[in-house]
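Residue strings, one per chain:
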Amino acid sequence: MGKSVIVFYYSKSGNTRAIAEKIVESFSELGASNVDVTHMDATELDLQTLKSADGYIIGTPNYFSAPSGYVKVFFDEIFEDRALLEGRPVFCFISHGGSGDIEHLRSLCDWIKLNTVGPAIVVRGKNITSSVESDIKRNITKMLELL
Ligand SMILES: Cc1cc2nc3c(=O)[nH]c(=O)nc-3n(C[C@H](O)[C@H](O)[C@H](O)COP(=O)(O)O)c2cc1C
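Got a sec to walk through the overall build of the chain? Specific residues and values, please.
The helix and strand inventory of the chain stands at six helices and six strands. Listing each helix as α and each strand as β along the chain from the N terminus yields β-α-β-α-β-α-α-β-α-β-β-α. Radius of gyration (C-alpha) of the chain: 14 Å, near the 15 Å computed for a compact globule of 147 residues. Overall, the chain is about 40 × 35 × 25 Å in size when its C-alpha atoms are taken along their principal axes.

Here it is in structure tokens:
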């Protein structure tokens, strides 16, 4: 059976969404056609669908050095079922306005025992530099090995 990855994100003014779209594009550039990659907007949280995914990519704007509340709801609600998700690969990304702090989001992933791969994707606004682009591809490649 094919594997599935969900890009779960919140975006108010579009920057985080632009990164999410870039990530989905990168999957096809890497020829990962056997993996079903879908977006989920955090304001339309669907826990059942999230529980059934094989891998996660979680993105948020940096709000007060923390994830958006919409993204945190996922962690709050999945906590009791965390054993289900244990060991599944994840990588995180944030968009910030000048000071990027992704540690809070990464620690939430640790709490539910997801397996964080690769470098953190930290982007100012939606300025996806070539080094961010190659980190995204590195993370996807690692994730594909682990699925
Ligand atoms: C409520 C709020 C809090 C924010 N806090 C921070 C912050 O602590 N550090 C920072 O660099 N940017 C902060 N920003 C800026 C956003 O992280 C930045 O504009 C981001 O690119 C927005 O992403 P979006 O376009 O996906 O909504 C904040 C913005 C808002 C609305």
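What follows continues from the structure just given.
Report on the nonpolar core, specifying residues and quantitative values.
Formed by 23 residues in total, the largest nonpolar core has its most connected members in Phe-8, Tyr-56, Ile-58, Val-71, Phe-74, Phe-75 and Leu-105. Listed by contribution, the elements that provide at least two residues to this core are strand E1 (3-9), strand E3 (55-61), helix H3 (69-78), strand E4 (89-96) and helix H5 (103-111). With four residues, the single largest contributor to this core is H3. Residue contacts for Ile-58: discarding those within four places in its chain leaves Phe-8, Val-71, Phe-74, Phe-75, Val-90, Phe-91, Cys-92, Phe-93, Leu-105 and Cys-109.

I'd like to hear about the site of the ligand, residue by residue, with values.
Near the ligand, the surroundings consist of 17 residues, among which Ser-11, Lys-12, Ser-13, Thr-16 and Ser-95 are the closest. Measuring from an oxygen atom of the ligand, one finds a side-chain N or O atom of Ser-95 at 2.6 Å. Ser-99 is positioned such that a nitrogen or oxygen atom in its backbone is 2.9 Å from an oxygen atom of the ligand. Here the ligand has 640 Å² of accessible area as a free molecule, and 75% of this is covered by the chains. Those elements giving two or more residues to the shell around the ligand turn out to be helix H1 (15-29) and E4. Of the residues belonging to the shell around the ligand, the class tally is three nonpolar, 13 polar and one charged.

I'd like a description of the packing of H1 against helix H6 (residues 130-146), backed by residues and values.
Contact geometry of H1 with H6 gives a least axis separation of 10 Å together with a crossing angle of 60 degrees. One way to sum up the angle between H1 and H6 is to call them oblique. Between H1 and H6 the crossing geometry is right-handed. Contacts between H1 and H6 pair Lys-22, Ile-23, Ser-26, Phe-27 and Glu-29 from the former with Glu-133, Ile-136, Lys-137, Ile-140, Met-143 and Leu-144 from the latter. Here the residues of the contact of H1 with H6 sort into six nonpolar, one polar and four charged.

Conventions adopted
Residues numbered from 1 in each chain as written. Predicted model: local features only at pLDDT ≥ 70, side-chain atom pairs only at ≥ 80, totals over all residues. Heavy atoms only, no water. Helix = DSSP H or I, 4+ residues; strand = E, 2+ residues; numbered from the N terminus. Rg over C-alpha atoms; globule rule 2.2 N^0.38 Å. Core = buried A, V, L, I, M, F, W, Y, C linked by side-chain atoms within 4.5 Å. Buried < 20%, exposed > 50% of the residue type's maximum accessible area, 1.4 Å probe, protein only. Contact = heavy atoms within 4.5 Å. Near = heavy atom within 4 Å. Polar contact = N/O pair within 3.5 Å; in protein donor to acceptor, adjacent residues only side chain to side chain. Areas by Shrake-Rupley, 256 points an atom, 1.4 Å probe, with all protein chains shown as cover. Nonpolar A, V, L, I, M, F, W, Y, C, P; charged D, E, K, R; others polar. Axes fitted to C-alpha atoms, helices over the stretch in contact; angles between N-to-C directions. Parallel < 35°, antiparallel > 145°, perpendicular 65-115°, else oblique. Left-handed = near helix turned anticlockwise from the far one by under 90°.

Just distances and angles here, no functional claims.
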